[in-house]
Amino acid sequence: MITNCKNILVLAPHTDDGELGLGGTISRLIEDGKKVTYVAFSTAQQSVPEGFPKDILKTEVKQATQTLGIEPGNLIIYNYEVRKLGYARQEILEELIRLKKVSDFDLVFIPSLHDIHQDHTTIAQEGLRAFKNTNILGYELIWNNLTFNTQCFVRLEERHIDAKVESLKAYKSQGARDYLSKDFIYSLARARGVQAGCTYAEAFEVIRLFL
């Protein structure tokens, strides 16, 4: 199904969520000639550590997505307040519908519907509402998932995981978080690869599928 999709949308509640959830897949899709549009809804200015400019995550997401091969013109950054996306739910839905009208996406990636982070829940639910007639896959951020259905796998090569790791290095403001480490990224890719019968993979929930 993914190989037949040409115009792909990634919805990231915060800068770095898309890279963490499907950085390897983004790298492979772009390598295969697909168009990938990345939308980040919050640059989390209220959570930026002292010593960094408040808009540092806007700079970092630009670098990270370019590392994966996303064209600068295909990166959309909103500035909703972190942890309060739910208060802007209707506005976010209207932005998604507007985006849907101007570009005919055939595959949309959203956070898992089992993700318990309040911002991730908002983007997952509103993404589903806006794109309910489009193929939708949910990506995993395992530290936020109480459960995750590994129903779809994208087989990846080492170079795709390397690109994911390199993209995450752009987020210097996020410090040495465990889920940003090379060891974690490779361990999860190997675990999903074992499930998929290959060396490396990323897993997704099938939310909507049209054949």
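Okay, so let's go over this structure. (Residues numbered from 1 in each chain as written. Predicted model: local features only at pLDDT ≥ 70, side-chain atom pairs only at ≥ 80, totals over all residues. Heavy atoms only, no water.)

1. Considering the overall build of the chain
Each helix and strand counted, the chain has six helices and seven strands in total. Going residue by residue from the N terminus, the α and β elements of the chain occur as β-α-β-α-β-α-β-α-β-β-α-α-β. In summary, the chain has a C-alpha radius of gyration of 16 Å against a globular reference of 17 Å for 211 residues, a match within 12%. Counting only residues that meet the buried cut, the chain has 54% of its 211 residues in that class. When contacts within the chain are restricted to residue pairs at least 6 apart in sequence, long-range pairs at least 24 apart make up 81% of them. Entry remark: accessible area of the chain is about 9,800 Å², with carbon and sulfur atoms responsible for 47%. (Helix = DSSP H or I, 4+ residues; strand = E, 2+ residues; numbered from the N terminus. Rg over C-alpha atoms; globule rule 2.2 N^0.38 Å. Buried < 20%, exposed > 50% of the residue type's maximum accessible area, 1.4 Å probe, protein only. Contact = heavy atoms within 4.5 Å. Areas by Shrake-Rupley, 256 points an atom, 1.4 Å probe, with all protein chains shown as cover.)

2. Quick look at the packing of helix α3 (residues 89-102) against helix α4 (residues 118-130)
Two packed helices can be described by the angle between their axes and the distance between those axes. As a packed pair, α3 and α4 sit with axes 9 Å apart at the nearest point and diverge in direction by 45°. Comparing their axes, α4 and α3 come out oblique. The interaxial crossing formed by α3 with α4 has right-handed handedness. Contact residues: R89, I92, L93, L96, I97 and K100 in α3; T122, I123, Q125, E126, G127, R129 and A130 in α4. Split into classes, the residues belonging to the contact of α3 with α4 amount to six nonpolar, three polar and four charged. (Axes fitted to C-alpha atoms, helices over the stretch in contact; angles between N-to-C directions. Parallel < 35°, antiparallel > 145°, perpendicular 65-115°, else oblique. Left-handed = near helix turned anticlockwise from the far one by under 90°. Nonpolar A, V, L, I, M, F, W, Y, C, P; charged D, E, K, R; others polar.)

3. What to know about helix α6 (residues 182-196)
An ideal rise of 1.5 Å per residue puts 21 Å on 15 residues; α6 measures up with 21 Å between its terminal C-alpha atoms. In this fold, the buried residues of α6 make contact with α1 (17-31), β6 (152-156), α5 (158-168) and β7 (200-208). (Expected span 1.5 Å × (residues − 1).)

4. Quick look at the nonpolar core
Ranked by size, the top nonpolar core spans 43 residues in total, and within it I26, Y38, F109 and F204 carry the most contacts. Ranked by the residues each element gives to this core, the list is headed by helix α2 (residues 56-68), at five residues. Apart from the residues lying within four places of it in its own chain, the contact partners of I26 are V10, G18, V36, Y38, L68 and I70. Judged by nonpolar contacts, the second largest core, of 21 residues, contains L9, Y78, A124 and I207. (Core = buried A, V, L, I, M, F, W, Y, C linked by side-chain atoms within 4.5 Å.)

5. Examining the side chain of N7
Within the secondary structure layout, N7 lies in strand β1 (residues 7-14). Given the relative accessible area of 12%, N7 is considered buried. For N7, the side chain forms a polar contact with the main-chain oxygen of D104, separated by 3.2 Å. (Polar contact = N/O pair within 3.5 Å; in protein donor to acceptor, adjacent residues only side chain to side chain.)

6. Some thoughts on the pairing of strand β2 (residues 35-42)
Buried residues dominate β2, accounting for seven of its eight residues. Relative to β2, β1 is paired through seven bridges, and the arrangement is parallel. Bridging across to β2, H14 finds its partner in S42. In this fold, β1 hands off to α1, which returns the chain to β2; that crossover is right-handed. Two strands pair when backbone bridges link them, and β2 and strand β3 (residues 75-77) are joined in this way by three bridges, in the parallel orientation. Residue pairing across strands places V39 opposite I76, the latter belonging to β3. (Pairing = 2+ DSSP bridges. Right-handed = clockwise from strand over helix to strand, strands pointing away.)

Interpretation in functional terms is not warranted from these geometric data alone.
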